[in-house]
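# Residue-level structural notes
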Amino acid sequence: MIQLHDKFFKPFLSEEEIMQAIQRMADDIAVDYKDETPIFVGVLNGAFMFVSDFLKAYQHPCEVSFVKLSSYHGLTSTGIVETLLDVPDNIEGRSVIILEDIIDTGRTLKELVHLFSNTKVKEFRIASLFYKSEVYNGEYAIDYVGLDIPDKFIVGYGLDYNELGRNLREVYQLNQKHMINLVLFGKPGAGKGTQAQFLKEKYNLKHISTGDVFRYNIKNGTELGTLAKSYIDKGDLVPDEVTIKMLEDEVCKNPDADGFIFDGFPRTAAQAEALDNFLESKDMKVDATIALEANNDVLIERLLERGKVSGRSDDQDVEKIKNRFEEYNLKTAPLKEYYEEQNKFHSVNGIGSIEEITQRLTKVIESLSN
C-alpha cells in the first residue's frame, strides 16, 4: 500500500504485466505498419512512459510527436477537455497512431478525433495501454488495446493523482474500503461515550468528540486552538469554519480508520451542512445519524448516580439536568429534520444493558451496507 496526498493505493499491475501488454501492442501494430513509416502521437502528460517503452518495443521505422490534453482534476474528470499542445506539422498523407495511456469515458478521445479531423492524414488510429470498456461510450473504435481494466481509479506508470505517482513503475489502484461515518446524538446520560467506545473497536472507527478536540487544540496551543480560545475568551461562539477545520485535521490524522463517529458536532442544521460539504470534499459522507433515546426519569437517575463519582455539579442538580435536556431537545429538533430528509436519521432505544444497546446500534450499522 502506498499513500499519495490523502489517499491510499494498493498494487494492481506489475511492471512485467505492463511490459508484456506493450510488447503485444507493438507486435500487433507492426503487422499493419512495418512497411511504412507511421507517426506515433503520444498524449501528454500521462502517456510519456508508455510512449518511451512502446518505441523501444517497436522495431521498425517510425516518427514520434506529442499532443497535450487535460480533463482530470484529483480523482474525477472535470468533463472539460483542454488542448494544451496542438497536433504536429507535416502529417498530411501520413498514417497517424495515437498512443493514449488510458481511455475511460471517451471525452479526451472525442477531442483527439476532433483535433485530427481537419487534417489530411492518410489513416488515423487509436492505441490505448489501459482501457475501461465498461464506462467507454463507444463512439469511436479503439484499434489497439493493451489491457482492459475495471472502472477503478489508478495511478502509476504516467498516471497521477494530483500530479503525484506518475514516476511509479507499477500501477496502483485506489483502495476504496467501505467507510462508515456516524453522527451520534443523545441526551446527557444516554451513554454516547460508552457506546462510541464499543463501536469504534468493533468497526475500526475513530471517535471524534468535539469537546476533546477543542481541549486538545487549546491545551497544546495549536494555531486553531489559539484562534478558538480568542473567541471563547471574548465570550463569543467559535465560528463553524474553525470547528470544521479542527475536525478535518482529525480526519486527516487517521487515514487508516474505516470511518468516523462524530460526537458533539453538528449542533445546528448549518453545521450539518458544513460537515456534509467537508466530507464530500474527501469523497466521504455521513452514512447515518443515530440518536440514543431514553426516558428523562431514567436519565436523571443515571446522572445523579454518575454525579456521586464524577463530582460534576451539573450531574448533581435535577433542575440543571432538566435544563440540559431542554437545550438538547431544542438543538436536536432541526438536526433530526435535516437528516430525516436524507433518510439518515435512526432512533435507538437507550434503555437496557450496555450489551443490549450495543446490539441495537449494531443492527442499524449492519443495515447500512445492505
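Residues numbered from 1 in each chain as written. Predicted model: local features only at pLDDT ≥ 70, side-chain atom pairs only at ≥ 80, totals over all residues. Heavy atoms only, no water.

## Considerations on the overall build of the chain
Counting its regular elements, the chain contains 11 helices and 15 strands. If one aligns the C-alpha atoms of the chain with their principal axes, the spans along those axes are about 95 × 45 × 35 Å. Considering the chain as a whole, with its 370 residues, one finds that 45% of them fall into the buried category. The contacts in the chain between residues at least 6 apart in sequence include a share of 70% that link residues at least 24 apart. Total accessible area computed for the chain in this model is approximately 19,100 Å², and 47% of it derives from carbon and sulfur atoms. Of the charged side chains in the chain, 43 are positive and 62 negative, and the gap between their average positions amounts to 6 Å. (Helix = DSSP H or I, 4+ residues; strand = E, 2+ residues; numbered from the N terminus. Buried < 20%, exposed > 50% of the residue type's maximum accessible area, 1.4 Å probe, protein only. Contact = heavy atoms within 4.5 Å. Areas by Shrake-Rupley, 256 points an atom, 1.4 Å probe, with all protein chains shown as cover. Lys, Arg positive; Asp, Glu negative; His and termini not counted. Charge placed at Lys NZ, Arg CZ, Asp CG, Glu CD.)

## A look at the confidence of the model for the chain
Mean pLDDT over the chain stands at 88; residues scoring 70 or higher make up 94%. In the predicted structure, residues 72-81 sits below a pLDDT of 50 and forms 28 contacts with residues beyond four places in sequence or in another chain. (pLDDT = per-residue confidence, 0-100.)

## Re the layout of surface pockets
In this structure, the largest pocket encloses a volume near 1,100 Å³. Lining the largest pocket are 40 residues, and of these Gly186, Lys187, Pro188, Lys192 and Asp263 sit closest to its centre. By residue number, the principal contributor to the lining of the largest pocket is helix α10 (residues 318-341), which donates 6 residues. (1 Å grid on protein atoms, 1.4 Å probe; cavity = no way out; pocket = protein on both sides within 12 Å on 5 of 7 lines; lining within 4 Å. Points joined across faces, edges and corners; volume = space filled by probe spheres on them.)

## Quick word on the packing of aromatic side chains
By the definition in use, this model includes 13 aromatic pairs. Ring geometry for Tyr338 against Tyr339: centres 5.1 Å apart, planes inclined by 90 degrees, an arrangement best described as edge-to-face. Taken individually, Tyr338 and Tyr339 each receive the classification buried, so the pair is uniform in this respect. Among the aromatic residues, ring-to-ring pairing joins Phe40, Phe50, Phe54 and Tyr58 into one connected group. Stacked on the ring of Phe325, the Lys or Arg Lys187 has its end atom at 5.5 Å from the ring centre. Lying over the aromatic face of Tyr231, Lys234 brings its terminal NZ or CZ to 5.4 Å of the ring centre. (Phe/Tyr/Trp six-rings, centres within 6.5 Å; stacked < 30°, edge-to-face > 60°. Lys NZ or Arg CZ within 6 Å of the ring centre and 35° of its normal.)

## Re the pairing of strand β2 (residues 7-13)
Within a regular beta strand, the side chains point alternately toward one face of the sheet and then the other, so they alternate between its two faces. Judged from the 3 bridges that link them, strand β1 (residues 2-4) and β2 form a sheet pairing that is antiparallel. Following the sheet pairing, Gln3 is matched in β2 by Phe8. The turn joining β1 and β2, which pair antiparallel and follow one another in sequence, is formed by 2 residues; a positive phi near 55 degrees is taken by His5. Alignment of β2 against strand β10 (residues 171-174), held across 4 bridges, turns out to be antiparallel. Residue pairing across strands places Pro11 opposite Tyr172, the latter belonging to β10. (Pairing = 2+ DSSP bridges.)

## Quick notes on the sheet that holds strand β14 (residues 288-293)
Here we have 5 strands laid out as an open sheet, ordered β12-β13-β11-β14-β15, and parallel in their pairing. Only two strands of the sheet have a single neighbouring strand rather than two, namely β12 (206-209) and β15 (345-349). Strand-to-strand twist of the sheet, defined as the mean angle between neighbouring strand axes without regard to direction, takes the value 25 degrees. Bridge count for strand β11 (residues 180-186) against strand β13 (residues 259-263) is 5 bridges, and the pairing is parallel. The residue of β13 that forms the bridge with Val183 is Phe262. Seen against the sheet, helix α5 (residues 210-219) touches β12 and β13 and runs at an angle of roughly 75 degrees to β12. Helix-sheet contacts for helix α11 (residues 354-368) involve β11, β14 and β15, and the interaxial angle to β15 is about 155 degrees. (Axes fitted to C-alpha atoms, helices over the stretch in contact; angles between N-to-C directions.)

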